[in-house]
Amino acid sequence: IKKQLLKAEKMEIVSHLASSVVHEVKNPLTVVKGFIQLMLQDDLPHSKRKEYLKIALLEVKRADEIISDYLLFAKPNSENEKILNTKEAVQRTLQLIYPLASMNNVELETKVEDFYIRGEEQLFQQCLLNITKNCIEAMPNAGKLRIETQRINNDLLLMISDSGEGMTKEQLSRLGEPYFTTKGRKGTGLGMMVAINIIKSMNGKLNVKSEISQGTSFNIRIPLAVLDSPPKNEQDKRSVL
Ligand code: ADP
Ligand code: MG
């Protein structure tokens, strides 16, 4: 019998994410509010006004970054869980990251089959997006992003790898730690935490290997979807393939 996360546990993981995003977005918004108030002064010189607008714009951008790293979905809902086609999810992710990839001269290579898993579509999408976005950001001057699938027993193995700058042992060990980023103000340090939590909520496992200047590979293992009522007398679970 496969170990399943209780629904309540899953909800807790996801609602925890939602409450921290609120907190994270509030900071830049507070800054924006302050500068808008300053700009309401009548005798403000034009140059000052422009300076304040620039700061406000940067902070709005930051809030936007946080939200998009964080959650595309509004409310967690385990009723949104359904059977997902891995291939379709990967294709949608590729569409989303295509502009960023071409900006960085990153070549995309995929070998993905129609494997079915159970989960929330938007969450899984967010997970793939956060991981692939990091991969592309690790290859600012060209490289290759590969996405492959395999079946191992009753699990899907989804492999995402880049030929980018890689991570040190120390960085690798901190991956997924909230707010851990090497990207300064451009980073949120939330993307991997979100991705890891989503994989967990799908009863999956993530294994990351990285080598400085060589690249990084993310191996995601998630149980394949199982037919609801296997015929009597049949002991092994059948996968929907
Ligand atoms: P952010 O991307 O905002 O920095 P993440 O949580 O997405 O936050 O990633 C945290 C850190 O993990 C990154 O700043 C980077 O140092 C490291 N990292 C993640 N993915 C990769 C990758 N594919 N290659 C190299 N470093 C990575
Ligand atoms: Mg990121």
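Keep in mind it's a predicted model, so treat the numbers as computed, not measured.

Here we take up the environment of Lys 169. For Lys 169, the location among the structural elements is in helix α5 (residues 169–174). Judged by relative accessible area, which is 77%, Lys 169 ranks as exposed. Separated by 138 residues in sequence, Lys 169 and Val 31 place their C-alpha atoms 36 Å apart.

Spatially, β2-β4-β5-β7-β6 is the arrangement adopted by the 5 strands of the open sheet, whose pairing is mixed. Each edge of the open sheet carries a strand with a single partner, namely β2 (106–111) and β6 (205–211). Neighbour to neighbour, the strand axes of the sheet diverge by 15 degrees on average, direction disregarded. In this sheet, strand β7 (residues 215–223) lies alongside β6 in antiparallel orientation, the contact comprising 7 bridges. Bridge pairing links Asn 207 to Asn 219 in β7. Sitting on the sheet, helix α4 (residues 121–137) touches β2, β4 (143–152), β5 (155–162) and β7, and the angle it makes with β5 is about 30 degrees. Lying on the sheet, helix α6 (residues 191–201) is in contact with β6 and β7; it crosses β6 at an angle near 140 degrees.

Neighbouring ligand 1 are 21 residues; Asn 134, Thr 181, Thr 182, Lys 183 and Thr 188 lie closest to it. The separation between an oxygen atom of ligand 1 and a polar side-chain atom of Thr 181 is 2.5 Å. Within the backbone of Gly 191, one N or O atom sits 3.2 Å away from an oxygen atom of ligand 1. Burial of ligand 1 by the protein amounts to 96% of the accessible area it has alone, namely 530 Å². Sorting the residues of the shell around ligand 1 by element identifies α4, α6 and β7 as the ones contributing at least two each. At 3 residues, the largest contribution of residues to the shell around ligand 1 is made by α4. Residue composition of the shell around ligand 1, by class: 8 nonpolar, 9 polar and 4 charged.

What follows concerns the packing of helix α3 (residues 86–103) against α4. Running from amino to carboxyl end, α3 crosses α4 at an angle of 35 degrees, the nearest separation of the two axes being 9 Å. Two packed elements cross with a definite hand, and for α3 against α4 that hand is right-handed. Contact residues: Ala 89, Val 90, Arg 92, Thr 93, Leu 96, Ile 97, Leu 100 and Ala 101 in α3; Glu 121, Phe 124, Gln 125, Leu 128, Leu 129, Thr 132, Lys 133 and Ile 136 in α4.

With that out of the way, let us pick up α3. Its 18 residues place the ends of α3 26 Å apart at the C-alpha level, agreeing with the 26 Å of an ideal helix rising 1.5 Å per residue. Of all bends in α3, the biggest is about 50 degrees, found at Ile 97, and the proline Pro 99 comes one to four residues later. Listed as buried for α3 are Thr 86, Ala 89, Val 90, Thr 93, Leu 94, Ile 97 and Ala 101. One side-chain oxygen of the residue at the start of α3 lies 2.8 Å from the amide nitrogen of Lys 87, identifying that residue as Asn 85.

Moving on, we come to the nonpolar core. Membership of the largest hydrophobic core comes to 42 residues, with the highest contact counts inside it found for Ile 117, Phe 124, Ile 131, Leu 145, Leu 158, Ile 160 and Phe 218. When residues of this core are traced back to their parent elements, those giving at least two are α2 (46–70), α3, α4, β4, β5, α6 and β7. By residue number, the principal contributor to this core is α4, which donates 8 residues.

Here we come to the pattern of salt bridges. If charged atoms from side chains of opposite charge come close, those side chains can pair. Under the defined criterion, the tally for this structure stands at 12 salt bridges. Measuring nitrogen to oxygen at the nearest pair gives 2.6 Å for the salt bridge that ties Lys 183 to Glu 137. Taken together, the residues Lys 183 in the loop between α5 and α6 and Glu 137 in helix α4 connect sequence positions 46 residues apart. With relative accessibility at 30%, the residue Glu 137 sits in the partly exposed group. Each of Glu 109, Lys 144, Arg 146 and Glu 148 takes part in a single network of salt bridges with overlapping partners.

The rules behind the values
Residues numbered from 1 in each chain as written. Chains lettered and ligands numbered in written order. Predicted model: local features only at pLDDT ≥ 70, side-chain atom pairs only at ≥ 80, totals over all residues. Heavy atoms only, no water. Helix = DSSP H or I, 4+ residues; strand = E, 2+ residues; numbered from the N terminus. Buried < 20%, exposed > 50% of the residue type's maximum accessible area, 1.4 Å probe, protein only. Pairing = 2+ DSSP bridges. Axes fitted to C-alpha atoms, helices over the stretch in contact; angles between N-to-C directions. Contact = heavy atoms within 4.5 Å. Near = heavy atom within 4 Å. Polar contact = N/O pair within 3.5 Å; in protein donor to acceptor, adjacent residues only side chain to side chain. Areas by Shrake-Rupley, 256 points an atom, 1.4 Å probe, with all protein chains shown as cover. Nonpolar A, V, L, I, M, F, W, Y, C, P; charged D, E, K, R; others polar. Left-handed = near helix turned anticlockwise from the far one by under 90°. Expected span 1.5 Å × (residues − 1). Bend = angle between axes of the 7 residues up to and from the residue. Core = buried A, V, L, I, M, F, W, Y, C linked by side-chain atoms within 4.5 Å. Salt bridge = Lys/Arg side-chain N within 4 Å of Asp/Glu carboxyl O.

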